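# Chain and residue survey
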Amino acid sequence: MRISELIIRAIDWFYIKPVRALLPRQVFRYAVCGGVTYILFDPLCYFLFYNFIVAHRYFDLGIVVVSPHIAAMILVFPFTFFVGFWLNRYVAFRQSPIGAGTQLFRYLLSVAGSVLLTYAGLKFFVEVCGVWPTPAKMLTTLLTTVYSFLTAKYFTFRHAAEH
């Protein structure tokens, strides 16, 4: 059995009557995949990178100085990008007729929008509101979730069957 099928079985085990009444299966799978990726995996990676790799340091790249919270965001990006794409393609939107290369390119475009929203959110919450970087990242991620789902459903993995 493939890993994606095991993940689907595990997710669908929790797709019980009260949840079924509120959410279509595809939305539930997307929410679980997104929750695991962006509420657990991403903040954990961000915390580790911010505190141990970036170590609260500013990076002078010559033309720009990158603040520690933005440097950590940049370094975590490839990990969450590929984990998120794989989960979306093989778990949440698995029946899409669009080819993998097209999906990957479209996913890159939709994620670029999320990155811009995340960047603006981090700048706002950390530098304007004074929120600590890790909670600011979590808050910002929650705000981009609706955008991400809509672009996945209606652009990246368009016409994916909902079963």
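Let us look at the structure shown here. Bear in mind that the values here come from a model prediction, so they are computed numbers and not experimental data.

Parameters and conventions
Residues numbered from 1 in each chain as written. Predicted model: local features only at pLDDT ≥ 70, side-chain atom pairs only at ≥ 80, totals over all residues. Heavy atoms only, no water. Phe/Tyr/Trp six-rings, centres within 6.5 Å; stacked < 30°, edge-to-face > 60°. Helix = DSSP H or I, 4+ residues; strand = E, 2+ residues; numbered from the N terminus. Buried < 20%, exposed > 50% of the residue type's maximum accessible area, 1.4 Å probe, protein only. Contact = heavy atoms within 4.5 Å. Core = buried A, V, L, I, M, F, W, Y, C linked by side-chain atoms within 4.5 Å. Salt bridge = Lys/Arg side-chain N within 4 Å of Asp/Glu carboxyl O.

Each aromatic ring pair is described using two quantities: the centre-to-centre distance and the angle formed by the ring planes. Evaluated as defined, the whole model comprises 17 aromatic pairs. Between phenylalanine 81 and tyrosine 107 the ring centres are 5.2 Å apart and the planes differ by 50°, which places this aromatic pair in the tilted class. In this pair, phenylalanine 81 is assigned in helix 4 (residues 68-92) and tyrosine 107 in helix 5 (residues 100-128), connecting sequence segments 26 residues apart. Between the aromatic rings of phenylalanine 93 and phenylalanine 157, the centroid separation amounts to 5.3 Å while the plane-to-plane angle is 5°, which identifies the pairing as stacked. Taken together, the positions of phenylalanine 93 in the loop between helix 4 and helix 5 and phenylalanine 157 in the segment after helix 6 (133-156) put the pair 64 residues apart, joining distant regions of the chain.

Looking at the secondary structure, you find serine 110 in helix 5. With a relative accessible area of 8%, serine 110 lands in the buried category. Ignoring sequence-local partners within four residues, the contact set of serine 110 consists of Tyr147, Thr151 and Thr156.

With 15 residues, the main nonpolar core has Tyr46, Ala72, Val76, Leu122 and Ala136 as its most contacted residues. Sort the elements by how many residues they give to this core and helix 4 lands first, with five residues. Once residues lying within four places of it in the same chain are set aside, the contact partners of alanine 72 are Tyr46, Phe49, Tyr50 and Val54. Phe81, Phe93, Tyr107 and Val111 belong to the second largest nonpolar core, which has 10 residues in total.

This part takes up the pattern of salt bridges. Under the definition given, this model contains four salt bridges. Where aspartate 12 meets arginine 25, a salt bridge forms, and the shortest distance between an N and an O atom there is 3.4 Å. Here arginine 25 lies in helix 3 (residues 25-53) and aspartate 12 lies in helix 1 (residues 3-13), a separation of 13 residues in the sequence. Residues participating in the shared-partner salt-bridge network are Asp12, Arg25 and Arg29.

Interpretation note: all reported values are geometric properties and have no functional meaning in isolation.
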